[in-house]
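Single-letter residue listing:
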Amino acid sequence: MADDPSFEIPERPKRQYSRRTVQYDGDVNFTLTPAHDRETDQLEALVIDVLDTGPYRYGEWFDLPMTLFLVHDDQTNDTFRVSIRDGSVTLHVLQKPTRRD
């Protein structure tokens, strides 16, 4: 049996602001590919099921030619994008939000 995957984030991306843009330094992606080919709608249904049962708030507000969710984990305060493309699910970790008091 294969080892369970690790989703430990080695180093979070950092944001640098200019007057017009935000640039991210660093990148953390986890790509999950099923052992057997799955249709995009099957993968999307699976992702939605996981998101609905976890401690997540999520939405798909983008009109793109691929499935892309923006997800926030309320327990860890992590934010990430989930995309489904070419038979794989990719989790792209975003910088932790900074708290403004």
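Quick note: structure is the one above.
These remarks concern the structure in this document.

Quick notes on the rules
- Residues numbered from 1 in each chain as written.
- Predicted model: local features only at pLDDT ≥ 70, side-chain atom pairs only at ≥ 80, totals over all residues.
- Heavy atoms only, no water.
- Phe/Tyr/Trp six-rings, centres within 6.5 Å; stacked < 30°, edge-to-face > 60°.
- Helix = DSSP H or I, 4+ residues; strand = E, 2+ residues; numbered from the N terminus.
- Buried < 20%, exposed > 50% of the residue type's maximum accessible area, 1.4 Å probe, protein only.
- Salt bridge = Lys/Arg side-chain N within 4 Å of Asp/Glu carboxyl O.

**Here we look at the packing of aromatic side chains**
Part 1 of the argument: Under the definition given, this model contains two aromatic pairs.
Part 2 of the argument: Aromatic pair Tyr56 and Phe80: ring centres 6.2 Å apart, planes at 85 degrees, arrangement edge-to-face. With Tyr56 in strand S4 (residues 56-59) and Phe80 in strand S6 (residues 78-85), this pair connects stretches of sequence that are 24 residues apart.
Part 3 of the argument: Taking the relative accessible area as the measure of exposure, Phe80 reaches 14% and is therefore buried.

**A short note on the pattern of salt bridges**
Part 1 of the argument: Throughout the structure, instances matching the rule amount to one salt bridge.
Part 2 of the argument: Residue Arg57 is joined to Asp74 by a salt bridge in which the shortest nitrogen-to-oxygen separation is 2.9 Å. Remark: Asp74 occurs in the loop between strand S5 (67-73) and S6 and Arg57 occurs in strand S4; sequence separation between them is 17 residues.
Part 3 of the argument: Here Arg57 falls in the exposed class, since its relative accessible area comes to 52%.
Part 4 of the argument: For Asp74, a relative accessible area of 44% corresponds to the partly exposed category.

By themselves, these are just geometric observations and shouldn't be taken as functional.
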